[in-house]
Amino acid sequence: ADRQHQQQQPPLPPRRPGPLRRPAPPQRSPAYPVPLPAINGTAGAVAAVLIALSSNWVVYERLSWLVTALGRWSVGAVRTLFVRTLHFPPTVTLVTMRGLIATDDEMRTGLSYAMLAPEAAPAEVRGESLVNLGRFEKALDRAFSMPGARAVALLIDSPGGSPAQSSLLHRKLLALRRRHPRVKLLAFVEDSAASGGYYIACAADEIVADANSIVGSIGVISRGFGFVKSLKKKGVERRVHAAGDSKSGLDPYLPMRSADLARQRRLLKELHANFIGAVQAGRKGRLKRDEAALLCYNSTEPRLFASPGRRTLARMAQRGDGLFDGSVYSGAVAQALGLVDGVGEMSTELQR
């Protein structure tokens, strides 16, 4: 009967495999920290700090960041102390003066090229940077007051320009040299340091130029135009009323008077004398007047005698012919005449 009952029951459906389950990890007994012996004093405090750090990684991370920051600050403070007290390591700051010497207002108002250097026209058209005291006063102060500064390299590439701005920058550099006697001022000439550019360079302790640089042009110039005949052809009459005989001098629409020309020459001589005084003070004992006078004599038209006499050469040297007559020279010849101290390149000279 049991066998018949089993045969009459329907067969069970096949069992589907279920998802695999990972065996539960064996339960471990909770780990308790090993009790440390009671330590008093500094050792106990250090042990407590180490235990706290081992149990909290956030505190450890922040504390490590704090230690790193303090280390960096300490290294910077020690370096600053060495720089300020021992002036080590030595630092050389660079100030680049490139462009026409003129104020920003002069260029914005369209100042005539005749009042500036002959090379002013291309510089203004290209919109090159200008050189004046307002633009470079703060930069010069920072360069001389830099911690550990041993020298200031003044890179000059200027054809000249305003006599007043050239004089202001020259006096500013002299004042900074007196205020920082340990800092040496070195002037390096790239393409040119002519006229006002050389005026500024004379404030340096040493002047270094390239063999092909244009150096010199110690002089003052004033240019202008006259439109008297043009106005007369157009039937236009110029009417000027002024209180003071010199007030309306050098009017381009009026005929030039001999008195106005004499006043203009007097003004140019005054500016020229100031320029010569600055060059003589800056290049004291290094200018070679006789060599410059002889070069000026040989550069002019052929004369009756091949070489000048002693009196002629002495008279030319006393006048400053070849030096203070607006002559320009290459860097190599300028070194022979004492206008520059050496021929070289800035990076090479600074490494020496």
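Residues numbered from 1 in each chain as written. Predicted model: local features only at pLDDT ≥ 70, side-chain atom pairs only at ≥ 80, totals over all residues. Heavy atoms only, no water.

Draft legend 1. Examining the packing of helix α6 (residues 133–144) against helix α7 (residues 163–179) more closely. With their axes 11 Å apart at the nearest point, α6 and α7 run at an angle of 15° to one another. Compared by their axis directions, α6 and α7 come out roughly parallel. The handedness of the crossing between α6 and α7 comes out as right-handed. Contacts between α6 and α7 involve L133, F136, E137, L140, D141 and F144 from the former and Q165, L168, L169, K172, L173, L176, R177 and R179 from the latter. Among the residues forming the contact of α6 with α7, the class breakdown is 8 nonpolar, 1 polar and 5 charged. (Axes fitted to C-alpha atoms, helices over the stretch in contact; angles between N-to-C directions. Helix = DSSP H or I, 4+ residues; strand = E, 2+ residues; numbered from the N terminus. Parallel < 35°, antiparallel > 145°, perpendicular 65-115°, else oblique. Left-handed = near helix turned anticlockwise from the far one by under 90°. Contact = heavy atoms within 4.5 Å. Nonpolar A, V, L, I, M, F, W, Y, C, P; charged D, E, K, R; others polar.)

Draft legend 2. Focus on α7. For α7, built from 17 residues, the straight-helix expectation of 24 Å at 1.5 Å per residue is met to within 8% by its first-to-last C-alpha distance of 24 Å. Taken as a whole, α7 has its buried residues at Q165, S166, L169, H170, K172, L173 and L176. Relative to the axis of α7, the buried residues are bounded by an arc of 160° and lie together on one face. Across from the buried face of α7, at angles greater than 90 degrees, the exposed residues are R171, R178 and R179. Among the structural elements, β1 (91–98), α6, β2 (149–158), β3 (184–194), α8 (196–201) and α10 (258–282) are those in contact with the buried residues of α7. Where α7 begins, the side chain of S162 points an oxygen toward the backbone nitrogen of A164, at a separation of 3.4 Å. (Expected span 1.5 Å × (residues − 1). Buried < 20%, exposed > 50% of the residue type's maximum accessible area, 1.4 Å probe, protein only. Arc of directions from axis to C-beta. Polar contact = N/O pair within 3.5 Å; in protein donor to acceptor, adjacent residues only side chain to side chain.)

Draft legend 3. Highlighting the layout of surface pockets. Taken as a whole, the second largest pocket holds about 220 Å³ of empty space. Lining the second largest pocket are V92, A151, K184, L186, F188, E206, V208, D341, G342, E349, L350 and R352. Every element with two or more residues in the lining of the second largest pocket is listed here: β3, β4 (206–209) and α14 (346–351). Top contributing element to the lining of the second largest pocket by residue count: β3, with 3 residues. (1 Å grid on protein atoms, 1.4 Å probe; cavity = no way out; pocket = protein on both sides within 12 Å on 5 of 7 lines; lining within 4 Å. Points joined across faces, edges and corners; volume = space filled by probe spheres on them.)

Draft legend 4. A look at the side chain of S162. In this fold, S162 is placed in the loop between β2 and α7. Relative accessible area serves as the criterion here: at 8%, S162 is assigned to the buried category. Within the local environment of S162, its side chain forms a polar contact with the backbone nitrogen of A164, the two atoms lying 3.4 Å apart.

Draft legend 5. Highlighting a nonpolar patch on the surface. Nonpolar side chains collect at one region of the surface, where L63, W65, L66, V67 and L70 lie side by side and expose about 520 Å² of accessible area between them. Inspection of the secondary structure assignment puts L63 in helix α3 (residues 57–86). L63 gets classed as partly exposed once you look at its relative accessible area, which sits at 37%. (Patch = residues over 30% accessible without salt bridge, like charges linked within 9 Å, V, L, I, M, F, W, Y side chains within 5 Å. Areas by Shrake-Rupley, 256 points an atom, 1.4 Å probe, with all protein chains shown as cover. Salt bridge = Lys/Arg side-chain N within 4 Å of Asp/Glu carboxyl O.)

Draft legend 6. Up close: the packing of aromatic side chains. On inspection of all chains with the given rule, the structure shows 2 aromatic pairs. Judged by centre distance (4.7 Å) and plane angle (10°), the rings of Y199 and F275 are stacked. Residue Y199 is found in helix α8, and its partner F275 is found in helix α10; the two are separated by 76 residues along the sequence. Y199 sits in the buried class, given a relative accessible area of 9%. A relative accessible area of 3% places F275 in the buried class. (Phe/Tyr/Trp six-rings, centres within 6.5 Å; stacked < 30°, edge-to-face > 60°.)

Draft legend 7. Highlighting the side chain of D260. Mapped onto the secondary structure, D260 falls in helix α10. Among the polar contacts listed, one links the side chain of D260 to the side chain of R257, at a separation of 2.8 Å. Setting aside its immediate chain neighbours within four residues, D260 contacts D245, S248, G249 and L250.

Draft legend 8. Layout of the pattern of salt bridges. One pass over the structure, following the stated rule, counts 15 salt bridges. Its salt-bridge partner being R135, residue D104 comes within 3.1 Å of it at the nearest N-O pair. Of the two residues, D104 is situated in helix α4 (residues 104–108) and R135 in helix α6; the sequence distance between them amounts to 31 residues. With a relative accessible area of 42%, R135 lands in the partly exposed category. Here R266 makes a salt bridge to E270, at a shortest N to O gap of 2.9 Å.

Draft legend 9. Structural detail: the confidence of the model for the chain. Scored by pLDDT, the chain has a mean of 80; 74% of the residues are at 70 or more. The low-confidence segment residues 111–127, where pLDDT is below 50, has 23 contacts with residues more than four positions distant or belonging to other chains. (pLDDT = per-residue confidence, 0-100.)

Draft legend 10. Structural detail: the nonpolar core. By size, the foremost hydrophobic cluster in this structure holds 45 residues, and its most contacted members are I200 and L339. With 5 residues, α6 is the single largest residue contributor to this core. When neighbours within four sequence positions are excluded, I200 is seen to be in contact with M97, I101, V131, L154, I156, S166, L169 and L173. (Core = buried A, V, L, I, M, F, W, Y, C linked by side-chain atoms within 4.5 Å.)

Draft legend 11. Highlighting the environment of C296. Tracing the sequence through the fold places C296 in helix α11 (residues 289–299). A relative accessible area of 16% means that C296 is categorised as buried. Along the chain, C296 and D325 lie 29 residues apart, while their C-alpha atoms are 9.6 Å from each other. Aside from chain neighbours lying at most four places away, what touches C296 is M316, D321, G322 and D325.

Draft legend 12. Molecular detail of the packing of α11 against helix α12 (residues 310–319). The geometry of α11 relative to α12 is characterised by a closest axis approach of 8 Å and an angle of 110° between their N-to-C directions. Compared by their axis directions, α11 and α12 come out roughly perpendicular. Taken together, the residues of α12 that come into contact with α11 (itself represented by R289, D290, A293, L294, C296 and Y297) are L313, M316, A317 and Q318. Across the contact of α11 with α12, the residue classes tally to 7 nonpolar, 1 polar and 2 charged.

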